[in-house]
Amino acid sequence: MKGLIRPLERLLGRLTSRRGERWLGIGALLALAVSGVLSLAIAPPDAVQGNVQRLMYVHVPAAWLAYLSFTVVFIGSAAYLLTRRGHWDRLAAASAEIGVLFTALTIVLGSIWGYPTWGTWWTWDPRLTTTAIMLLIYAGYLALRRLPESPGRRATWSAVLGVVGFVDIPIVHMSVVWWRSLHQPATVIQPGQPSIAPIMLVALLWATLAFTVLYAYLLALRMRVGRLETKVISAAFLPLPREVGGVPGAAGGGGSREVGGVPGAAGGGGSPRPGVPAKPASRGGEVGGVPGVVGGGGPGSAPEPSEIEAHAAGVEAVHG
Amino acid sequence: MDNLAFIVAGYLITFISLAGYAFHLRGRARRASRRAADLSAKR
């Protein structure tokens, strides 16, 4: 298992580099443009449903991407539990965020397609219900990541949910086979030949490829955001050189110094009285998306530089 | 074209949500990058 992780880490590093990100962005734009032409102009309308069936070329790829995103969450979470390396946790967090977007998109597009074909926007059909449950599981996962906990503990809890939550993915996929469903069964991934016209299949496969490249681009971009925000947090913990060992209140502040776009970060919790320890900035003291990181103190309550560095090292260890 | 409104709505929602998310991430990356540069300049 651990032998598999190294090559995966190398591939991940290459894909999420700045150059990789740029190429993925260009590739996604081109592939989506071609997909638009294929699905709206070249593919014929469906014999029964007419043109509204063209929604399939966005609905099915969005659903596929939701599966892929949550599979990546599972891989990232399992790898984090095995290795305790921060970049796996970042990968899982990034993929979960994108997966939630694609799941919501799948449900909305399915609803828009469902109304003219089924006559209803929503029904408690097994496929629809299990997909809604999947959305709730991963929305919960994102909420868990906002808990004001230590980065290490939060990463562990999230990884456990990332592994356990994955159980729902095969249930969503197989729901149309296991239970009586209004939703149509699989047309491409099924035993025997795909039950779809070849030109429609080409348009569908191309759209899926284009969405996958877009997913890779969004993932690379989201991981860069994660890296930068971690850097900001780590930098916020280190004392400023001129303030260390002389002026009280080093690296703390006690005001509302803003870091990572979040007011109050890295400062927070300033004690009004000298000599009274400041509280951690758990409320309003969120730095770059990581809630509850320790802020500094007011006058006379500066943490020891070694203490700050140890905490920063802890953040670095978890977030890579 | 039958049910044109549904098709337009579906494609527009897809485009706006994905492009919007990509721009949101780019903005977040830019802000975080600026903050990181500011902090390292102070050191």
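Thresholds applied
Residues numbered from 1 in each chain as written. Chains lettered and ligands numbered in written order. Predicted model: local features only at pLDDT ≥ 70, side-chain atom pairs only at ≥ 80, totals over all residues. Helix = DSSP H or I, 4+ residues; strand = E, 2+ residues; numbered from the N terminus. Buried ≥ 20, exposed ≤ 12 C-beta atoms within 10 Å, placed from the backbone. Contact = placed C-beta atoms within 7 Å. Nonpolar A, V, L, I, M, F, W, Y, C, P; charged D, E, K, R; others polar. Axes fitted to C-alpha atoms, helices over the stretch in contact; angles between N-to-C directions. Parallel < 35°, antiparallel > 145°, perpendicular 65-115°, else oblique. Left-handed = near helix turned anticlockwise from the far one by under 90°. Core = buried A, V, L, I, M, F, W, Y, C linked by C-beta atoms within 7 Å. Expected span 1.5 Å × (residues − 1). pLDDT = per-residue confidence, 0-100.

Quick notes on the overall build of chain B
Here is step 1: Within chain B, the secondary structure is distributed over 1 helix and 0 strands.
Here is step 2: When the backbone C-alpha atoms are referred to their principal axes, chain B occupies close to 65 × 10 × 5 Å.
Here is step 3: Each of the 43 residues in chain B was classed as buried or not, and the buried ones make up 30%.

Brief notes about the interface of chain B and chain A
Here is step 1: Contacts between chain B and chain A engage 27 residues on the former and 31 residues on the latter.
Here is step 2: Looking at the side of chain B that touches chain A, its residues break down into 14 nonpolar, 6 polar and 7 charged.

Quick look at the packing of helix α2 (residues 18–42) of chain A against helix α8 (residues 198–237) of chain A
Residues and elements named next belong to chain A.
Here is step 1: Two elements in contact, α2 and α8, have axes separated by 8 Å at closest approach and are oriented at 155°. Relative to α8, the element α2 is oriented roughly antiparallel. Regarding α2 and α8, the two cross each other, and that crossing is left-handed.
Here is step 2: Broken down by class, the residue content of the contact of α2 with α8 amounts to 19 nonpolar, 5 polar and 2 charged.

Observations regarding the nonpolar core
Here is step 1: Of all hydrophobic cores here, the largest spans 78 residues; its most connected members are A:Leu55, A:Ala62 and A:Tyr215.
Here is step 2: For this core, the elements supplying multiple residues, two or more each, are α2, α3 (56–83), α4 (86–118), α5 (126–144), α6 (151–164), α7 (168–178) and α8 of chain A together with α1 (4–42) of chain B.
Here is step 3: When residues no more than four places from it in sequence are discounted, the contact partners of A:Ala62 are A:Phe102, A:Leu105, A:Thr106, A:Leu109 and A:Phe211.

Quick word on α8(A)
Here is step 1: Compared with an ideal rise of 1.5 Å per residue, which puts 40 residues at 58 Å, α8(A) spans 58 Å between its outermost C-alpha atoms and is within 8% of the ideal.
Here is step 2: Burial of α8(A) is extensive: 31 of the 40 residues sit out of reach of the surface.

What to know about the environment of A:Thr71
Residue and element names in this part refer to chain A.
Here is step 1: Inspection of the secondary structure assignment puts Thr71 in helix α3.
Here is step 2: Thr71 gets classed as partly exposed once you count the C-beta atoms within 10 Å, which come to 14.
Here is step 3: Counting along the chain gives 98 residues from Thr71 to Ile169, while the straight-line C-alpha distance between them is 8.2 Å.

A few points about unusual backbone geometry
Residue and element names in this part refer to chain A.
Here is step 1: With a phi angle near 65°, Arg84 is a residue other than glycine that sits in the positive phi range.
Here is step 2: Relative to the assigned elements, Arg84 resides in the loop between α3 and α4.
Here is step 3: Classification of Arg84 as partly exposed rests on a count of 15 C-beta atoms within 10 Å.

Focus: the confidence of the model for chain B
In regions of low pLDDT, the predicted coordinates are not meant to be interpreted in detail.
Here is step 1: Looking at chain B as a whole, the pLDDT averages 88, with 93% of positions reaching at least 70.
Here is step 2: With a pTM of 0.74, the predicted complex shows an ipTM of 0.90.

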